[in-house]
Amino acid sequence: MMRWIAMTCGILLAGGALFLVSLSPVETANDSRVDEVFRGDLIVRSVYGGRLESRNVVTVMSKFQGSATIVELVPEGNQIQQGDLLVRFDSTDLEREMFTLEKEFALAKSDLNSLSNAKHPLAIWEIEGKRHELKDTLRIEQQYLLDSLELAKDNLVSTQEIEQQKMKVDRLRAEHETVSMRLQLTKDYLHPSERERAETKLHSAEQALNLAQSQLENTTIRAPTDGVVVYKPLHISGEFRTVRVGDGIYANQPFMVIPDMDDLMAESMVPESELSRVATGSTVVLNVPAYPDVTLEGTVESVSSIAQSLPGQPAWQKFFRVVIGLDDGDARIRPGMSVLAHIVSQVTENAVLIPRRAVRWDAGQARMQVVRGDTRQWRDLDLGGANETHYEVLAGAEPGDRVVMR
């Protein structure tokens, strides 16, 4: 009997001890596991991956006709200024060709000058001299014929001499007409034709020389603007890689770009289901994984009006391109770097806020444990929006409530 009474008293004492423990405060006012509900602005950000891009990118390509072999190449990543040498192609064969073409051009020019200033004038001078000589001779012989006809009336000249003189005058007249026609045809057709052939030859030689000179100029490529050198991968000799010295590059084949480092932007692809979270003008904070200490600020400039699929994603899943303008920059960032874009999708001013760590979920119901004096009390919560650290409380909590943190 005494043993039973002792056991009963022990149980009652133990129960009393447990009751006292349940009422005793586990967290004090200075306990780090207790925080407060407060009023503040709830800023909700949606996070999307993206990359940095230059707003202005100049593409560099070869203007050399045919294949050109690289003999000098600026290293990738170099900061360059307008006019700096980027690429030099092999010009050995072209320089040899230039020597021949310059000689052909000089000869063609000399031939045309010779025709215009010597051969043609001399030929015209000779023909005109011959014509004048025949004209004077014809005039003399015609006068002699007239005089002979007068003498024949007095039987001083025979009929045979008269006939011979007539034949001589006719021959001279025919020669004069022939030379006159030759002069006219030479001026109208022969010399213009020869001059046209010479001019065509000179023009052809000049075009060939100009083309070679242009080709020679195209063996060097200089920076059209300031920026940073970035290589574009190409299919070269069965490989997909960037160019190097010794590679052959074809005309109009882009192999290098120069982004404007003073005007960068960010580009993200937002899923169709989250498009309502992004709007033009929204504030954005960007983190650069390559440099964890770099934080950039920007603004959503535009949201694409056309959905598109992405490589590696299901065809039915659509995305919208979002362009973010940067308000500031950092000398270390480069186009193509990955970024995390934290886009502000909701701002609720003067909201009742509770730390996320103070909220428990019980069968889908949000609850919090409030510290009142030396006791705790569970309350149901009606929550609104949320960000990484806080929930908005629509009902169930008031500013100043002290809550237990997990």
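Each value, and the rule that gives it
Residues numbered from 1 in each chain as written. Predicted model: local features only at pLDDT ≥ 70, side-chain atom pairs only at ≥ 80, totals over all residues. Heavy atoms only, no water. Core = buried A, V, L, I, M, F, W, Y, C linked by side-chain atoms within 4.5 Å. Buried < 20%, exposed > 50% of the residue type's maximum accessible area, 1.4 Å probe, protein only. Helix = DSSP H or I, 4+ residues; strand = E, 2+ residues; numbered from the N terminus. Pairing = 2+ DSSP bridges. Expected span 1.5 Å × (residues − 1). Bend = angle between axes of the 7 residues up to and from the residue. Phe/Tyr/Trp six-rings, centres within 6.5 Å; stacked < 30°, edge-to-face > 60°. Lys NZ or Arg CZ within 6 Å of the ring centre and 35° of its normal. Patch = residues over 30% accessible without salt bridge, like charges linked within 9 Å, V, L, I, M, F, W, Y side chains within 5 Å. Areas by Shrake-Rupley, 256 points an atom, 1.4 Å probe, with all protein chains shown as cover. Salt bridge = Lys/Arg side-chain N within 4 Å of Asp/Glu carboxyl O.

Asks: Please clarify how the nonpolar core should be interpreted in this entry.
Replies: What tends to happen in soluble globular proteins is that the nonpolar side chains get buried as a cluster. Of all hydrophobic cores here, the largest spans 33 residues; its most connected members are L86, V87, V243, F255 and M256. Secondary structure elements with two or more residues in this core: β4 (67–73), β6 (85–89), α2 (92–153), α3 (159–217), β10 (234–236) and β13 (254–259). If one sorts the elements of this core by residue count, α2 sits on top with seven residues. The next biggest cluster of nonpolar side chains, apart from the first, holds 20 residues, and it includes A266, V278, I333 and V339.

Asks: Help me understand unusual backbone geometry in this model?
Replies: Working note: non-glycine residues mostly have negative phi, and peptide bonds are mostly trans. Although it is not a glycine, N155 sits at a positive phi angle of roughly 60 degrees. Checked against the element boundaries, N155 lands in the loop between α2 and α3. Despite not being glycine, A363 shows a phi value in the positive range, around 55 degrees. Examined against the element boundaries, A363 turns out to sit in the loop between β19 (360–362) and β20 (365–372). Owing to a relative accessible area of 82%, A363 belongs among the exposed residues under this scheme.

Asks: How do you make sense of the sheet that holds strand β9 (residues 230–231) when you look at a structure like this?
Replies: As a general point, the strands of a sheet are linked pairwise by backbone hydrogen bonds and lie either parallel or antiparallel. With respect to topology, three strands assemble into an open sheet ordered β3-β13-β9, the strand pairing being antiparallel. Sheet topology places β3 (57–61) and β9 at the edges, where each strand pairs with a single neighbour. As paired elements, β3 and β13 share five bridges and run antiparallel to each other. Counted as the bridge partner of T59 is V257 from β13.

Asks: Hey, could you run me through α3 in this one?
Replies: Every α-helix winds through 3.6 residues per turn, so residues three or four apart in the chain are directed the same way. With 59 residues, α3 should cover 87 Å at 1.5 Å per step; its first-to-last C-alpha distance of 84 Å lies within 8% of that length. Most pronounced at T186, the bend in α3 amounts to some 50 degrees.

Asks: Could you clarify how one ought to interpret the packing of aromatic side chains in this entry?
Replies: To describe a pair of aromatic rings, you give the distance between the ring centres and the angle between the ring planes. Scanning the model with the defined rule gives one aromatic pair in all. Plain terms: the ring middles of W361 and Y391 are 6.3 Å apart, the flat faces sit at 70 degrees to each other, and that makes the pair edge-to-face. Here Y391 lies in strand β22 (residues 390–395) and W361 lies in strand β19, a separation of 30 residues in the sequence. Given a relative accessible area of 13%, Y391 falls into the buried group. The lysine or arginine in question, R332, covers the ring of Y291, its NZ or CZ lying 4.9 Å from the ring centre.

Asks: I keep staring at a nonpolar patch on the surface and nothing clicks. Help me out?
Replies: A surface patch of nonpolar side chains, about 450 Å² in accessible area, is lined by M181, L185, Y189 and L190. Tracing the backbone shows M181 in helix α3. On the accessibility criterion, M181 (54% relative accessible area) is exposed.

Asks: Looking at this model, I keep getting lost on the pairing of strand β15 (residues 283–288). Mind explaining?
Replies: As a general feature of sheets, a regular strand has side chains that alternate between the two faces. Burial of β15 is one-sided: the residues V284, L286 and V288 facing one way are buried, the residues T283, V285 and N287 facing the other way are not. The pairing of β15 with strand β16 (residues 291–303) spans six bridges and is antiparallel. From the neighbouring strand, V284 faces β16, where its bridge partner is G298. With antiparallel pairing between neighbouring strands as the criterion, β15 and β16 make up a hairpin whose turn holds two residues. Here β15 pairs with strand β18 (residues 338–355) via four bridges, running antiparallel. Within β18, the position partnered with N287 by the bridge is L340.

Asks: Could you clarify how one ought to interpret α2 in this entry?
Replies: End to end, α2 covers 90 Å across 62 residues, agreeing with the expected 92 Å (1.5 Å per residue, within 8%). Along α2, the sharpest change in direction is near 45 degrees and occurs at L115.

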